[in-house]
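Topology and contacts: notes
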Amino acid sequence: MFDPGQTMEGSMYLPTSTRTIPLDQHLYTSPLPHVANPPLSQNPMHAFFIPDDIRRMVQARQTATYARPPREISLKLPDEVSSYHNLIPIGLAMPPRSQVYGFPSPIYKAISSVDGNIYALRRIAGYKVTSEQAFSTVERWQRLRHPNVVCLREAFTTKVFDDDSLVMVYDYHPESNTMYDEHLASDMTNRFIPIFPRRRTGMPIPERLLWSYMTQIANALKAIHVSNLAARVLDPSKILITGKNRIRLNACGVVDVIGQEQGVSLAQQQEEDLVMFGMLILTLACEFFTPGVPLAAPLDWIARHYTADFKLFISALVNRQLRHIDEVIREIGPRILNELDASFRYNDQLESDLGGEVENGRLVRLMTKLSFVNERKEFERDPRWSETGDRYILKLFRDHVFHSTGTDGTPVLDLSHVLTCLNKLDAGTEERVMLVSRDEQSCLVVSYRELKACVEGTYNELRLASSIISNPTLVSNTPLRR
Ligand SMILES: Nc1ncnc2c1ncn2[C@@H]1O[C@H](COP(=O)(O)OP(=O)(O)OP(=O)(O)O)[C@@H](O)[C@H]1O
């Protein structure tokens, strides 16, 4: 217990002994209790490898990042736009006029020659910027880094598309979807042909999800307003869903460049943001709402399908009763804690999955060391180096782990056998293993501790030689990092 009478020196922590007990690493560490025993209401998931859904998500993002159209399709795009090359359209190469900007606004994935990263280039095709003043807010947008805002990197004009184009460069979020496509578009809907109304098929969006969106949008608006900016567009097509229930305001700053309004103060624009916020949620919550129609009927519909709190909040927004983002955040209040809970839980889960991958990473390092040694053609002018001494033992061990066969000669592909052997090797246990040569003429019984010493010794031999060749003055005695 903390004793206020004690001085700093008296309470300073000093280790009583420098001796540490080595980890028994031939076993996978079991998940920590707060993750391993969640209440039944939460989905318990821990597995040997990273969970399938996370792996699928990561792989889909990687695939989207490197995806290219087939070679035979000619994109007719410039080779280079400013410092960006390898442009690939996301969606239509030349979409119709955007309902938000009034100009076609294709998006391209492109690689930056400056840092080699991939960015999303939003082109406002056919728009001529007439004054430098139009870019006055760009710097402030560039400085805004927020988890619920797609970051603007730069903006410039160009004629390389054979027209006047404005290009705004944003962080690229692979496999993202717009809120419109996720919730409002249906197979029957074609938003570019106005005779089809915007309709969502299926069930109303659950209130819990809408509160989550509202919390994230309010969070983004707070950061935007504090930076002396205004979102100015809160359209479902300009909100990206970049992960599970994770949203980001997209295309920020475009309207500041192309839609400069005279005589509208920043405070008025920020107030307008709050009304647009209410309209956006109304659009998501009420199937038949379209901006411009009287609000009584949609609000009445919401009162029948959602809680009273929810209806009151939306109606306060659209009726301008909440005039400052801080008032909005105060109104959302406890719902923010729900969001925080969910976020912490997800974080715990990811950390637990990461723990499993750390274990797997340990084995990859071990297999890498083994592979450096096994079957090496020649070392120190000895063509039989990898076939003799400690290396021969490691060769037999490799065969024991990876090349064992059943009694009828069929290959044994048993992952748990591989993982068990490698983990025991990594831990250097006293357990003994019998290694038999392929021709069955020699047989060795060695402990994993001895095998581990063989791996470390031979690997260090190679490492030392490689560091001397690359830097003859360096003779490293640094111990192997695990
Ligand atoms: N920063 C980004 N990273 C990755 N993909 C993006 C990014 N911004 C937009 N996209 C993708 O580009 C596509 C088109 O986005 P856009 O904002 O033009 O929507 P839209 O529905 O075509 O709207 P509009 O009618 O204004 O053209 C969407 O599928 C969206 O997911």
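Residues numbered from 1 in each chain as written. Predicted model: local features only at pLDDT ≥ 70, side-chain atom pairs only at ≥ 80, totals over all residues. Heavy atoms only, no water.

- By the naming in an unreviewed UniProt entry, the chain goes by PAN2-PAN3 deadenylation complex subunit PAN3 and is assigned to Tremella mesenterica.
- Entered under Subcellular location (unreviewed entry) in the UniProt record, the comment concerning the chain runs "Cytoplasm".
- As its UniProt record puts it under Sequence similarities (unreviewed entry), the chain is described as follows: "Belongs to the protein kinase superfamily. PAN3 family." (UniProt positions renumbered as here; feature names shortened; annotations may be inferred.)

Some remarks on the layout of surface pockets
- Taken as a whole, the second largest pocket spans an internal volume of roughly 950 Å³.
- Along its surface, the second largest pocket is lined by 41 residues, and Ile90, Gly91, Ile107, Thr178 and Asp181 are the ones closest to its centre.
- Among the secondary structure elements, those contributing two or more residues to the lining of the second largest pocket are strand E2 (84–90), strand E3 (107–112), strand E4 (118–125), strand E6 (165–171), strand E7 (177–178) and helix H5 (179–184).
- Take the lining of the second largest pocket: its biggest share by element is three residues, from E2.
- Along the lines of polarity and charge, the residues of the lining of the second largest pocket split into 20 nonpolar, 12 polar and nine charged. (1 Å grid on protein atoms, 1.4 Å probe; cavity = no way out; pocket = protein on both sides within 12 Å on 5 of 7 lines; lining within 4 Å. Points joined across faces, edges and corners; volume = space filled by probe spheres on them. Helix = DSSP H or I, 4+ residues; strand = E, 2+ residues; numbered from the N terminus. Nonpolar A, V, L, I, M, F, W, Y, C, P; charged D, E, K, R; others polar.)

Remarks on the packing of aromatic side chains
- If you walk through the whole model with that rule in mind, you get 11 aromatic pairs.
- Each ring, one from Phe103 and one from Tyr127, has its centre 5.3 Å from the other, and the planes form 85°; the classification is edge-to-face. Of this pair, Phe103 sits in the loop between E2 and E3 while Tyr127 sits in the loop between E4 and helix H4 (138–143), and the two are 24 residues apart along the sequence.
- For Phe103, a relative accessible area of 25% corresponds to the partly exposed category.
- Take Tyr127: its relative accessible area is 16%, and that puts it in the buried class.
- Members of the aromatic cluster, connected to one another through ring pairs, are Trp211, Phe277, Tyr306, Phe310 and Phe313.
- Lying over the aromatic face of Phe161, Arg123 brings its terminal NZ or CZ to 3.9 Å of the ring centre.
- Above the ring of Tyr459, the side-chain terminus of Lys369 is found at 5.5 Å from the ring centroid. (Phe/Tyr/Trp six-rings, centres within 6.5 Å; stacked < 30°, edge-to-face > 60°. Buried < 20%, exposed > 50% of the residue type's maximum accessible area, 1.4 Å probe, protein only. Lys NZ or Arg CZ within 6 Å of the ring centre and 35° of its normal.)

A closer look at the packing of helix H6 (residues 207–226) against helix H8 (residues 266–285)
- Between H6 and H8, the least distance of the axes is 11 Å, while the angle of their chain directions is 165°. Comparing the axis directions of H6 and H8 gives the class roughly antiparallel. Relative to H8, H6 is oriented so that their crossing is right-handed. Touching Leu210, Tyr213, Met214, Ile217, Ala218, Leu221 and His225 of H6 are Gln270, Asp273, Leu274, Phe277, Leu280, Ile281, Leu284 and Ala285, all from H8.
- Broken down by class, the residue content of the contact of H6 with H8 amounts to 12 nonpolar, two polar and one charged. (Axes fitted to C-alpha atoms, helices over the stretch in contact; angles between N-to-C directions. Parallel < 35°, antiparallel > 145°, perpendicular 65-115°, else oblique. Left-handed = near helix turned anticlockwise from the far one by under 90°. Contact = heavy atoms within 4.5 Å.)

Section: unusual backbone geometry
- Located in the positive-phi region is Arg320, a residue other than glycine, with phi close to 60°.
- Summarising the element assignment, Arg320 is placed in the loop between helix H10 (308–318) and helix H11 (325–332).
- Of note, the phi angle at Glu440 is positive, near 60°, even though the residue is not glycine.
- Mapped onto the fold, Glu440 is located in the loop between strand E10 (432–436) and strand E11 (443–447).

A few points about the sheet that holds strand E9 (residues 246–249)
- In space, the three strands of this open sheet follow the order E7-E8-E9, with antiparallel pairing throughout. At either end of the open sheet lies a strand with only one pairing partner, and these are E7 and E9.
- Across the sheet, H6 is in contact with strand E8 (239–243) and E9; its angle to E9 comes to roughly 35°. (Pairing = 2+ DSSP bridges.)

Some thoughts on the pattern of salt bridges
- Summed over all chains, the structure comprises 21 salt bridges.
- A salt bridge links Arg362 to Glu359, with the shortest nitrogen-to-oxygen separation between them at 3.0 Å. One end of the pair is Arg362 and the other is Glu359, both in helix H12 (residues 334–373) and three residues apart, which spans about a single turn.
- Assessed through its relative accessible area of 8%, Glu359 is described here as buried.
- Between Arg438 and Asp399 there is a salt bridge; the shortest N-O distance is 2.9 Å. (Salt bridge = Lys/Arg side-chain N within 4 Å of Asp/Glu carboxyl O.)

Overview of the environment of Ile90
- Structurally, the position occupied by Ile90 is in strand E2.
- Taking the C-alpha atoms as reference, Ile90 lies 29 Å from Ser131; in sequence the two are 41 residues apart.
- Sequence-distant contacts of Ile90, defined by excluding residues within four places in its chain, comprise Ile107, Tyr108, Lys109 and Tyr172.

With respect to the pairing of E4
- Along E4, seven of the eight residues are buried, which leaves the element largely enclosed by surrounding structure.
- Note: E3 against E4, five bridges, orientation antiparallel. By the bridge assignment, Ile111 is partnered in E4 with Ile118.
- Taken together, E3 and the strand that follows it, E4, pair antiparallel across an intervening segment of five residues, in which Gly116 is found at a positive phi of about 75°.
- In this structure, E4 lies alongside E6, joined through seven bridges in antiparallel fashion. Bridge pairing in E6 links Leu121 to Val169.

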